[in-house]
Amino acid sequence: MKTSEELKSLLEKIDHRGYPAYKETRGSYQFPGYILSIDHVQGDPFASPSKVSIHVQGRQGGFPSRLYDKPWKQTALEDALLREFSRQIETFSFKARGSGKSGLISVSTCGQEVLSRSACSIDRTSGKITLRLEVGFPANGRTINAGELSRILFQFLPSCVKKSLFYRALDTKHLEKVMELSEDQQFIRNQLSHLGLTAFIANGSILPRATGVSQKPLKNARPFLAPPSMSVTLNLPYAGSVTGMGIKSGVTLIVGGGYHGKSTLLEALERGVYNHISGDGRELVITDPSAVKIRAEDGR
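Everything quoted here is computed from the prediction, not taken from an experiment.

Caption draft 1: Examining the pairing of strand β3 (residues 34–40) more closely. β3 sits mainly inside the fold: five of its seven residues count as buried. One ladder, built from five bridges, connects strand β2 (residues 27–31) with β3; its direction is antiparallel. The residue of β3 that forms the bridge with Phe-31 is Tyr-34. Taking the residues that link successive antiparallel strands as the turn, the β2-β3 hairpin has two residues, and the phi of Gly-33 there is positive, at about 90°. Here five bridges tie β3 to strand β4 (residues 50–56), and the two strands are oriented antiparallel to one another. Looking at the pairing, His-40 lines up with Lys-51 of β4.

Caption draft 2: Quick peek at the packing of helix α3 (residues 71–89) against helix α5 (residues 172–194). Remark: α3 packs on α5, axes separated minimally by 9 Å, with the N-to-C direction vectors making an angle of 140°. What the angle tells us is that α3 and α5 run oblique. The way α3 lies across α5 gives a crossing that is right-handed. Across the interface between the two elements, Trp-72, Lys-73, Ala-76, Leu-77 and Ala-80 from α3 touch Leu-175, Val-178, Met-179, Ser-182, Glu-183 and Gln-186 from α5. Along the lines of polarity and charge, the residues of the contact of α3 with α5 split into seven nonpolar, two polar and two charged.

Caption draft 3: Molecular detail of the pairing of strand β8 (residues 129–135). Extensive coverage of β8 is indicated by the burial of five of its seven residues. Relative to β8, β4 runs antiparallel, the two being bridged by seven bridges. Within the sheet, the bridge partner assigned to His-55 lies in β8 and is Thr-130. Relative to β8, strand β5 (residues 105–106) is paired through two bridges, and the arrangement is antiparallel. Bridging across to β8, Ile-105 finds its partner in Val-135. Here three bridges tie strand β7 (residues 120–122) to β8, and the two strands are oriented antiparallel to one another. When the sheet's bridge partners are listed, Cys-120 is paired in β8 with Leu-131. Hairpin connection, β7 to β8: the antiparallel pair is bridged by six residues, and Gly-127 has positive phi, about 80°.

Each value, and the rule that gives it
- Residues numbered from 1 in each chain as written.
- Predicted model: local features only at pLDDT ≥ 70, side-chain atom pairs only at ≥ 80, totals over all residues.
- Heavy atoms only, no water.
- Buried < 20%, exposed > 50% of the residue type's maximum accessible area, 1.4 Å probe, protein only.
- Helix = DSSP H or I, 4+ residues; strand = E, 2+ residues; numbered from the N terminus.
- Pairing = 2+ DSSP bridges.
- Axes fitted to C-alpha atoms, helices over the stretch in contact; angles between N-to-C directions.
- Parallel < 35°, antiparallel > 145°, perpendicular 65-115°, else oblique.
- Left-handed = near helix turned anticlockwise from the far one by under 90°.
- Contact = heavy atoms within 4.5 Å.
- Nonpolar A, V, L, I, M, F, W, Y, C, P; charged D, E, K, R; others polar.

What follows is the structure, given as structure tokens:
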């Protein structure tokens, strides 16, 4: 493995050469606290950005194993770290100048769901964190601009990594809440079959979305309240006693007038196969993970 200083010397060497010379940078480099790996170099400044990965060893990241020792907690922590890294790079993307995609810094975009993504992974045995991103290697026309890439690799990325992939730099109370919510969500999933339920919707859930093309919650929406006949109370590990609507296995018919919330309820149940982030409003809308949406053609 090479050092960061060797990478800096290489960039100075290839500066102002033709763009293909960037391929000489492929490899792994030791930076303070993490390893930077340049996995794929784009062939042209207008092509798909280069693939870069960050590797932080478990002892350096310092995340307590209780935050990721189960699959659902692991996914929740990976999701939280990816979101934080994404927030950090927003201020730096395209700050480096150049042609085409020069200066782009991006990771997979997260929605409201908490999903397992290849963009960020944690080894449950060692605690090692791997984060994958895209970087547009800067050029003037098709001539290497190594000075701008140095800004990205030696100024922008180190700042983002230190603020988002090390436990001591993060809001530890927030990470605890992320773990606790994942435990509560998994507890409900495990209870569904024991209680003969297909889904559970907690009282106080916000089901309407901001717009037809946004999954963010609608502001000032009326909180969900279960009808007494379908009310179920669960004692969650962290949230404690939670009451909501339990939908029994079998056939359940949803009726109501126009704009009374039938589709909104169905869409919440449809997405309840996934966990949702805190503040989404559907954190405790939990559907059997084997559920699928079936829609008939008009007139059937």
